[in-house]
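Below, each chain spelled out in residue letters.
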Amino acid sequence: MNNLFDRGDLSKSFKFGVLGLGMGGCSIASEIANIKTRITNKMTPYTGILINTNEVDLRKIKGL
């Protein structure tokens, strides 16, 4: 049986998403979602979902 990582005809990638809960979690998820890469069509590869019941806390996060 062949090892999948040794095959040249496959492209490998990981897709990550981050769920932020509360002020601390939302701040961390927001920073991760704002990470930029040099890849032309995937400059921001991470997705972030922010959940907070306090709208004032969400206003403190840059980029929203």
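First, a word on scope: everything that follows refers to the structure included in this document.

Calculation rules
Residues numbered from 1 in each chain as written. Predicted model: local features only at pLDDT ≥ 70, side-chain atom pairs only at ≥ 80, totals over all residues. Heavy atoms only, no water. Helix = DSSP H or I, 4+ residues; strand = E, 2+ residues; numbered from the N terminus. Contact = heavy atoms within 4.5 Å. Patch = residues over 30% accessible without salt bridge, like charges linked within 9 Å, V, L, I, M, F, W, Y side chains within 5 Å. Areas by Shrake-Rupley, 256 points an atom, 1.4 Å probe, with all protein chains shown as cover. Salt bridge = Lys/Arg side-chain N within 4 Å of Asp/Glu carboxyl O. Buried < 20%, exposed > 50% of the residue type's maximum accessible area, 1.4 Å probe, protein only.

## Examining the side chain of Asp-57
Item 1. Turning to its location among the elements, Asp-57 is positioned in helix H2 (residues 55-59).
Item 2. Setting aside residues up to four positions removed in sequence, Asp-57 forms contacts with Met-23 and Asn-52.

## Some words on a nonpolar patch on the surface
Item 1. Residues Leu-19, Leu-21, Ile-49 and Ile-51 make up a contiguous nonpolar surface patch of about 400 Å² in total accessible area.
Item 2. Broken down by secondary-structure element, the contributors of at least two residues to the nonpolar patch are strand E1 (17-21) and strand E2 (47-51).
Item 3. Tracing the chain through its elements places Ile-51 in strand E2.

## Remarks on the pattern of salt bridges
Item 1. If you walk through the whole model with that rule in mind, you get 2 salt bridges.
Item 2. Linking Arg-59 and Glu-55 is a salt bridge whose minimum nitrogen-to-oxygen distance equals 3.2 Å. One end of the pair is Arg-59 and the other is Glu-55, both in helix H2 and 4 residues apart, which spans about a single turn.
Item 3. The shortest N-O distance in the salt bridge between Lys-60 and Asp-57 comes to 3.6 Å.
Item 4. Residue class for Asp-57 comes out buried when judged on its relative accessible area of 15%.

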